[in-house]
Amino acid sequence: MALGSKLAGRMERRLPIIVVVHIAHCPPVGTEGEEETYTDNISSCGARIFSKHAWQLGDSLQVTPLNEDSACGYVIYCHRLPDNRYGVGVKFQDQPATWSIIQRYGRNGHAV
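Only a predicted model underlies this, so the values are computations on that prediction, with no experimental measurement involved.

A.B. asks: Explain the pairing of strand 1 (residues 20-25) residue by residue, including any values.
C.D. replies: In this structure, strand 1 lies alongside strand 2 (residues 35-42), joined through four bridges in antiparallel fashion. Within strand 2, the residue paired with Val 21 across the bridge is Thr 37. Sheet analysis places strand 1 next to strand 4 (residues 60-65), joined by five bridges and oriented antiparallel. Following the sheet pairing, Val 21 is matched in strand 4 by Pro 65.

Laid out in structure tokens, this is it:
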């Protein structure tokens, strides 16, 4: 029996890069709900982000690195970590993220 495309894994390898980002509901509801945090890993299709707050599956999330365009996505998982933070998996919607750090390291994880 063949696995469906959703079960086959990620379409693109995640880069283990820490990037400072702001996260908020998408569309944003002002700066009040915004949190400054950082990523654990990123790709043009998604990211794992640390948060002080629990997010619900399917929540729309706007991710904005410093001096870069925002990417909107939705929460695909939210795991509580031992230090009272959460690891949040975000899959970007519609358009891949085109952040300079992703472009710099390309698909193979090496600087280009």
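A.B. asks: Residue-level account of unusual backbone geometry, with values.
C.D. replies: Negative phi values dominate among residues other than glycine, just as trans dominates among peptide bonds. For Asn 67, which is not a glycine, the phi torsion comes out positive at approximately 60 degrees. By the element assignment, Asn 67 lies in the loop between strand 4 and strand 5 (71-80). At Asn 84, a residue that is not glycine, the phi angle is positive and equals roughly 65 degrees.

A.B. asks: Any details on the pattern of salt bridges? Residues and values, ideally.
C.D. replies: In this structure the tally under the stated criterion is two salt bridges. Here Asp 40 ties to Arg 48 by a salt bridge, and the two come within 3.2 Å at their closest N and O atoms. Taking relative accessible area as the criterion, Arg 48 reaches 16% and is therefore assigned buried. A salt bridge links Arg 85 to Asp 83; its shortest N-O distance comes to 2.7 Å. By relative accessible area, Asp 83 is classed as partly exposed at 43%.

A.B. asks: Go over the sheet that holds strand 4, please, and point to the residues and values.
C.D. replies: Sheet architecture is closed into a barrel: six strands sit in the order 1-2-3-6-5-4, paired in antiparallel fashion. Here the strands of the sheet are splayed against their neighbours by 45 degrees on average, with no regard to which way each runs. Inspection of the sheet shows strand 4 paired to strand 5 by four bridges, in the antiparallel sense. In the strand pairing of strand 5, Ser 60 is matched with Tyr 74.

Definitions and limits used
- Residues numbered from 1 in each chain as written.
- Predicted model: local features only at pLDDT ≥ 70, side-chain atom pairs only at ≥ 80, totals over all residues.
- Heavy atoms only, no water.
- Pairing = 2+ DSSP bridges.
- Helix = DSSP H or I, 4+ residues; strand = E, 2+ residues; numbered from the N terminus.
- Salt bridge = Lys/Arg side-chain N within 4 Å of Asp/Glu carboxyl O.
- Buried < 20%, exposed > 50% of the residue type's maximum accessible area, 1.4 Å probe, protein only.
- Axes fitted to C-alpha atoms, helices over the stretch in contact; angles between N-to-C directions.

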